[in-house]
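# Observations on chain architecture
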2 protein chains.
Amino acid sequence: MDNRPIGIFDSGVGGLTVASQVIKQLENEEIVYFGDTARVPYGNKSKEIITKFSCQDVRFLLSKNVKAVIIACNTASANSLDDLINKFDVPVFGVVVPGAKEAVRVTQNQKVGIIATIGTVRSDAYKKAINIVNANVQVYSKACPLFVPLAEEGWANEEITRLTAEKYLKELIEKGVDTVVMGCTHYPLLRQCLQSVVGNEVRLVDPAYETAMAIKEYLVKNNMLRVAETKPQHSFFVSDTTDMFEKICSKALEKRYSTEEIDIESY
Amino acid sequence: MDNRPIGIFDSGVGGLTVASQVIKQLENEEIVYFGDTARVPYGNKSKEIITKFSCQDVRFLLSKNVKAVIIACNTASANSLDDLINKFDVPVFGVVVPGAKEAVRVTQNQKVGIIATIGTVRSDAYKKAINIVNANVQVYSKACPLFVPLAEEGWANEEITRLTAEKYLKELIEKGVDTVVMGCTHYPLLRQCLQSVVGNEVRLVDPAYETAMAIKEYLVKNNMLRVAETKPQHSFFVSDTTDMFEKICSKALEKRYSTEEIDIESY
């Protein structure tokens with residue numbers, strides 16, 4: 001057994017969807033969440049800067065004595081997973097590999113679409129991860145930078161969002177994909193709109209659930225589950241205190257948590 | 001005379017429109033530009049974080065021996081100008097006061113609209129600056145968080161952008177404003193669309209030009225103009241190297257400049 005908490009970091013609020021899945025699938029585990037709200041987003045930045053920020057994020061989580069780290073941010077998973085694994089002794093999990101595996105599992109025509117940030121698409125990480133599992137799967141990627149601000153505006157059901165989705169997804173639909181990975185933690189907030197644009201026969205994959213299952217499998221296999229009779233206590237840290245974090249946090253986790261602000265640049 | 005350069009900082013690329021105006025209006029001056037591309041945007045962050053980042057930005061510019069600092073970013077001008085003036089010995093200019101003065105000058109019905117980021121609207125800085133000049137002017141503000149990503153996508157002439165502008169500007173139009181301040185450096189990229197939505201009788205104010213005129217007036221009055229026969233050499237620094245900066249830089253300044261990456265967190 002290992003009663004230390006699981007660390008989760010993200011560029012901001014998006015990773016709370018991953019935290020929510022981890023809490024659901026591993027209900028006896030404690031989590032320490034860090035959202036880098038001062039430097040959000042990571043999605044349009046260079047690999048070098050994303051990796052630098054991600055290292056600071058991991059160092060902060062290690063200061064909280066975590067037993068494993070989940071990179072909830074797709075952009076950081078896609079750009080920095082290998083560097084973080086090499087640099088730190090703690091086991092590190094990204095969201096890309098679990099999402100890629102699930103896409104390979106569900107596709108029937110071997111054509112998969114990836115929608116993600118500019119930084120994730122540039123990295124080609126989903127394509128690489130999918131083709132390691134099955135080299136015959138065709139992968140088509142499309143960066144969708146407007147989806148995050150549309151989700152944050154709460155415009156999930158607006159005509160503007162539908163038109164934007166049609167514009168971004170046109171190419172993928174034309175390629176005939178039967179599976180689309182929502183490769184950014186915000187995108188599930190637009191799920192209904194995305195589903196109606198791609199059509200009901202196309203499967204949308206959300207890597208958050210798959211990631212939670214992957215860490216569960218790892219902890220079980222390595223005998224690292226928390227064994228304690230006390231209820232788990234979760235902690236939330238941010239690098240900038242904004243209303244949005246607390247609002248989305250209580251919505252995603254269906255409970256109010258207080259958050260503490262820390263100076264991430266000092267890590 | 002004072003042959004030192006003028007420092008200009010912004011959260012990213014947007015401030016290049018201000019730099020362009022300064023270069024045009026003060027063609028013998030040298031500028032040092034810093035774009036905080038690693039931590040962009042500032043628009044949805046707290047006053048405290050915006051001020052912390054702005055102080056680092058000024059310290060970096062001071063290390064380049066600048067004679068004055070222009071905050072090209074509306075969000076930083078709106079949230080941090082007073083703190084920067086108090087903290088540093090160098091003269092500091094924001095874009096809000098020049099924009100506000102121009103709005104008061106051009107409005108005929110004393111009803112002015114402000115469109116800006118969440119952080120600028122929250123600060124109420126434009127309203128305060130306008131009402132210092134003329135307490136009778138009614139000011140209506142609207143945060144438009146989608147305009148920056150729309151401008152960065154290059155979607156200035158898309159139906160999506162028109163619908164978004166109609167949605168954001170509806171309230172201001174209903175209030176009967178005859179003047180709208182484009183209170184974010186990206187918005188002039190959408191000028192044509194914005195003008196068609198508000199109608200030709202409404203004046204759009206771009207604070208960049210007014211800011212360049214304000215610093216010119218200051219330098220003349222204080223005998224601080226550069227007097228040299230050599231052509232001015234401009235320098236550009238960023239905290240993250242991305243294609244977008246160089247692309248927008250050569251477009252805005254109609255010339256290619258090389259940029260140097262620096263570690264802003266160490267300032």
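Before reading on, note that the structure itself is shown above.
Residues numbered from 1 in each chain as written. Chains lettered and ligands numbered in written order. Predicted model: local features only at pLDDT ≥ 70, side-chain atom pairs only at ≥ 80, totals over all residues. Heavy atoms only, no water.

## Quick look at the overall build of chain A
The secondary structure content of chain A amounts to 11 helices and 10 strands. In terms of overall size, chain A behaves like a compact globule, its C-alpha atoms giving a radius of gyration of 18 Å where 267 residues would be expected to give roughly 18 Å. Out of the 267 residues in chain A, the part that is buried amounts to 58%. Restricting the contact set of chain A to residue pairs at least 6 apart, pairs at least 24 apart contribute 76%. With an accessible surface of roughly 11400 Å², chain A has 48% of that area assigned to carbon and sulfur atoms. Charge centroids of chain A, computed over 31 positive and 34 negative side chains, lie 4 Å from each other. (Helix = DSSP H or I, 4+ residues; strand = E, 2+ residues; numbered from the N terminus. Rg over C-alpha atoms; globule rule 2.2 N^0.38 Å. Buried < 20%, exposed > 50% of the residue type's maximum accessible area, 1.4 Å probe, protein only. Contact = heavy atoms within 4.5 Å. Areas by Shrake-Rupley, 256 points an atom, 1.4 Å probe, with all protein chains shown as cover. Lys, Arg positive; Asp, Glu negative; His and termini not counted. Charge placed at Lys NZ, Arg CZ, Asp CG, Glu CD.)

## Points about the packing of aromatic side chains
Residues and elements named next belong to chain A. For the structure on display, the rule yields 22 aromatic pairs over all chains. Ring geometry for Tyr33 and Phe245: centres 6.0 Å apart, planes at 45 degrees, overall tilted. Of this pair, Tyr33 sits in strand 2 (residues 31–35) while Phe245 is found in helix 11 (residues 243–253), placing the two residues 212 residues apart along the sequence. Overall, Phe245 belongs to the buried group, its relative accessible area being 1%. (Phe/Tyr/Trp six-rings, centres within 6.5 Å; stacked < 30°, edge-to-face > 60°.)

## Re the relation of the copies chain B and chain A
Mapping chain B onto chain A calls for a screw motion: a turn of 180 degrees about the axis and a shift of 0.0 Å along it, with 0.0 Å RMSD after fitting. Both chain copies can therefore be described as sitting about a two-fold axis. It is Arg39(B) whose C-alpha, among those of chain B, lies nearest the rotation axis, at 2.4 Å. (Least-squares fit on C-alpha atoms with pLDDT ≥ 70 in both.)

## Focus: the pattern of salt bridges
Counted under the stated rule, the structure contains 30 salt bridges over all chains. Residue Lys52(A) pairs with Asp263(B) through a salt bridge whose shortest N-O separation is 2.9 Å. With one member in each of two chains, Lys52(A) in helix 2 (residues 47–63) and Asp263(B) in the segment after strand 10 (259–261) form a pair that bridges those chains. Relative accessible area serves as the criterion here: at 29%, Lys52(A) is assigned to the partly exposed category. One salt bridge in this structure joins Lys170(A) and Glu174(A), with 3.1 Å as the shortest N-O distance. (Salt bridge = Lys/Arg side-chain N within 4 Å of Asp/Glu carboxyl O.)

## Quick word on the sheet that holds strand 6 (residues 138–143) of chain A
Residues and elements named next belong to chain A. Across the sheet, 4 strands lie side by side as 6-5-7-8; this open sheet has parallel pairing. Either end of the sheet is taken by a strand with one partner, and the two such strands are strand 6 and strand 8 (203–205). Within the sheet, the average angular offset between the axes of one strand and its neighbour, ignoring direction, is 25 degrees. The sheet contacts of helix 9 (residues 191–198) involve strand 5 (111–116), strand 7 (179–183) and strand 8, and relative to strand 8 the element is tilted by about 145 degrees. (Pairing = 2+ DSSP bridges. Axes fitted to C-alpha atoms, helices over the stretch in contact; angles between N-to-C directions.)

## Some words on the interface of chain B and chain A
Across the boundary between the two partners, chain B contributes 32 residues, which contact 32 residues of chain A. The junction of chain B with chain A conceals about 2500 Å² of combined surface from both sides, 61% of it contributed by carbon and sulfur atoms. When residues of chain B are sorted by the area they lose upon contact with chain A, Leu146(B), Lys167(B) and Glu265(B) head the list and together hold 22% of the total. Put simply, chain B and chain A have 8 salt bridges between them. Glu158(A) is paired through a salt bridge with Lys167(B); the nearest N and O atoms lie 3.2 Å apart. Mapped by element, the contributors of at least two residues to the side of chain B that touches chain A are helix 2 (47–63), helix 7 (147–153) and helix 8 (159–175) of chain B. (Buried area = accessible area lost by both parts, 1.4 Å probe.)

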